[in-house]
Amino acid sequence: QVQLVESGGGLVQRGGSLRLSCSVSGSSFGINVMNWYRQAPGNQRELVAGISSGGFTNYADSVKGRFTISRDSAKNTAYLQMSSLRPEDTAVYYCHVLGYYDGTYSPFDSWGQGTQVTVAS
């Protein structure tokens, strides 16, 4: 099994920046896609950004130009650099990973526990 640990959330003022990290640990696995989702109270969970093993990225329209997703494959870690934060970015941010176990190539679909991001106005 793999474990995902997120960090970097917190309270920031409007216009500020935060960087979230998601580290994946376990044994004998590979990662295809790493995503960041968010869920605000009363809202559905939404995809914020994703990055493939080849480095292809995609973003929600609401964060384009403000957020940047990246990954360090050697460390099995993804990052979400968030800038020009707005109160509407306030949510719990979740890391999501699609990967496979070495040898069997059995797929896995795992979520982190979430980290709170609060943007004060």
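We now turn to the structure provided with this report. (Residues numbered from 1 in each chain as written. Predicted model: local features only at pLDDT ≥ 70, side-chain atom pairs only at ≥ 80, totals over all residues. Heavy atoms only, no water.)

**Quick notes on the pairing of strand β11 (residues 115–120)**
Here β11 shows one buried face, formed by T115, V117 and V119, and one open face, formed by Q116, T118 and A120. By the bridge criterion, four bridges tie strand β2 (residues 10–13) to β11 in an arrangement that is parallel. Across the sheet, V12 pairs through a bridge with V119, a residue of β11. (Buried < 20%, exposed > 50% of the residue type's maximum accessible area, 1.4 Å probe, protein only. Helix = DSSP H or I, 4+ residues; strand = E, 2+ residues; numbered from the N terminus. Pairing = 2+ DSSP bridges.)

**Looking at the side chain of S21**
Secondary-structure assignment places S21 in strand β3 (residues 18–25). Classification of S21 by relative accessible area gives buried; the value is 15%. Residue contacts for S21: discarding those within four places in its chain leaves V5, E6, S7, W36, A78 and Y79. (Contact = heavy atoms within 4.5 Å.)

**Re the environment of W111**
Mapped onto the fold, W111 is located in strand β10 (residues 107–111). Judged by relative accessible area, W111 falls into the partly exposed class, the value being 37%. Sequence separation between W111 and L4 is 107 residues; the distance between their C-alpha atoms is 6.7 Å. Not counting residues up to four positions away in its chain, the partners in contact with W111 are L4, Y37, R45, Y94, C95 and H96.

**Description of the state of the cysteines**
Using the criterion set out here, one finds one disulfide in the structure. With a sulfur-sulfur separation of 2.0 Å, C22 is cross-linked through a disulfide to C95. Taking the sign of the S-S torsion, -80° for the link of C22 and C95, the bridge is left-handed. Of this pair, C22 sits in strand β3 while C95 sits in strand β9 (residues 91–101); the two residues are 73 residues apart in sequence, bridging distant segments of the chain. Given a relative accessible area of 0%, C22 falls into the buried group. Owing to a relative accessible area of 0%, C95 belongs among the buried residues under this scheme. (Disulfide = S-S within 2.5 Å.)

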